Amino acid sequence: MSTFLLKRLAGLLLVPLMLAACAAGPTTAPVDETFYANIAKGGALDPQAAAALISDYRRGRGLPAVTIDPVLMNVAERQAKSMAAADQLSHNIGGRGLTTRLKAAGFSGLKAAENVGAGYHTLAEAFSGWRDSPSHNKNMLLPGATRLGIAAVRSPRSKYSVYWAMVIAVPDPKLEAAAEAAANPAGASAPAAGGTQVLLNGAPLPAQ
């Protein structure tokens, strides 16, 4: 398989607790050496740099910036590690789709989307690959999203050397307000999280 095809391999999952997002054209990213750290050669992904890069891209299209969310970071890291261990690019390693993984991690939001990828050696390559893929680009431009988790796992003996996972989400403002008021003895019960519909490339999948 050619290097070009290798670096174009990526997967997409859109979860509209959760709906589809809108598309946009390419952008000029700010220059930062962390964008070019070669993970295949032992470099490390800087999640904050990734959030800054994606935020800059989103703001240029009138969308809110994203910040790193610890729960989504955990979801992304586990997914990237699972793909690397299985040497497989998939949203459903071990039969666990994004909806299942978000629920298990305790994340409830209005919308969420996941990009996975393999063969990108740097953040700049992963961003460019997702930006140039209409489906993955829609995920990076998910309207209303303000939370992000992203991970890259080096796997030298695998087919692709590096596996990537990114989860971007729109938090539920009611649940966030309830969490902020948790220390206040008002006694109000937190809103219940709703169900999740899962779409793969725009087509609904059976509930998980």
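Below is a summary of the structure that appears in this document. Small disclaimer: the values here were computed from a predicted structure and weren't measured. (Residues numbered from 1 in each chain as written. Predicted model: local features only at pLDDT ≥ 70, side-chain atom pairs only at ≥ 80, totals over all residues. Heavy atoms only, no water.)

1. What to know about the side chain of Asp-172
Going by this rule: Each helix is a run of H or I in the DSSP string that is no shorter than four residues. Each strand is a run of E no shorter than two, and both are numbered from the N terminus. Type-normalised accessible area, obtained with a 1.4 Å probe on protein chains alone, sets the label of each residue: buried when under 20%, exposed when over 50%, and partly exposed for intermediate values. Asp and Glu count as negative and Lys and Arg as positive, but His and the ends of the chain are not part of the count. By definition here, a salt bridge exists when the distance from a side-chain nitrogen of Lys or Arg to a carboxyl oxygen of Asp or Glu is within 4 Å. Whenever a nitrogen or oxygen atom comes within 3.5 Å of another N or O atom, the pair is scored as a polar contact, on the condition that within protein one atom can donate a hydrogen and the other can accept it, and that pairs from neighbouring residues in sequence are kept only if both atoms are in side chains. Two residues qualify as a contact provided that any one of their heavy atoms is within 4.5 Å of a heavy atom in the partner residue.
Secondary-structure assignment places Asp-172 in the loop between strand S5 (161-171) and helix H7 (173-180). At 6.4 Å, Lys-174 is the nearest oppositely charged side chain to Asp-172, a buried residue that forms no salt bridge. Side-chain polar atoms of Asp-172 contact the backbone nitrogen of Lys-174, separated by 3.0 Å. Residues contacting Asp-172, with those up to four places away along its chain left out, are Ser-108, Gly-109 and Leu-110.

2. A word on the packing of helix H2 (residues 47-59) against helix H5 (residues 123-131)
Keep this limit in mind: Axis lines are fitted through C-alpha atoms, for helices just across the contact stretch, and the angle between N-to-C directions can take any value from 0 to 180 degrees. Each crossing is labelled by how the near helix is turned from the far one, with a counterclockwise turn of less than a right angle marking it left-handed and a clockwise turn marking it right-handed. Any residue that is not Ala, Val, Leu, Ile, Met, Phe, Trp, Tyr, Cys, Pro, Asp, Glu, Lys or Arg is counted as polar, Gly included; the first ten are nonpolar and the last four charged.
The contact between H2 and H5 brings their axes to 11 Å, and the two run at 35 degrees. Every pair of crossing elements has a handedness; the one defined by H2 and H5 is right-handed. Residues Ala-49, Ala-50, Leu-53, Ile-54 and Tyr-57 of H2 lie in contact with H5, whose contacting residues are Leu-123, Phe-127 and Arg-131. By residue class, the composition of the contact of H2 with H5 is seven nonpolar, no polar and one charged.

3. With respect to the pattern of salt bridges
According to the stated counting rule, one finds three salt bridges in the structure shown. Salt-bridge contacts for Arg-101 lead to Glu-114; the nearest nitrogen and oxygen are separated by 2.8 Å. Taken together, the positions of Arg-101 in helix H4 (residues 98-105) and Glu-114 in strand S3 (residues 109-118) put the pair 13 residues apart, joining distant regions of the chain. Residue Arg-101 shares its accessibility class with Glu-114, and that shared class is buried. Among the salt bridges present, the one from Arg-131 reaches Asp-132, with a minimum N-O distance of 3.0 Å. For Arg-131, a relative accessible area of 17% gives the class buried. The class for Asp-132 is partly exposed, based on a relative accessible area of 39%.

4. Focus on H2
Given 3.6 residues per helical turn, the α-helix brings residues three or four places apart onto the same face. What counts, and what does not: Expected helix span is given by 1.5 Å per residue-to-residue step, counting one fewer step than there are residues.
Taking 1.5 Å per residue as the helical rise, H2 with its 13 residues ought to reach 18 Å, and the 18 Å between its terminal C-alpha atoms agrees with that figure. Listed in full, the buried residues belonging to H2 are Ala-49, Ala-50, Ala-51, Leu-53, Ile-54, Ser-55, Tyr-57 and Arg-58. In this structure, the buried side of H2 is in contact with strand S2 (67-68), H5, helix H6 (134-140), strand S4 (147-155) and S5.

5. Comments concerning the side chain of Thr-122
Assignment of secondary structure puts Thr-122 in the loop between S3 and H5. Residue Thr-122 is classed as buried on the basis of its relative accessible area of 8%. Looking at Thr-122, its side chain comes within polar contact range of the main-chain nitrogen of Glu-125, at 3.1 Å. If near-sequence neighbours (up to four positions away) are discounted, Thr-122 is found in contact with Phe-35, Tyr-36, Ala-37, Asn-38 and Trp-164.

So yeah, pure geometry; function would need other evidence.
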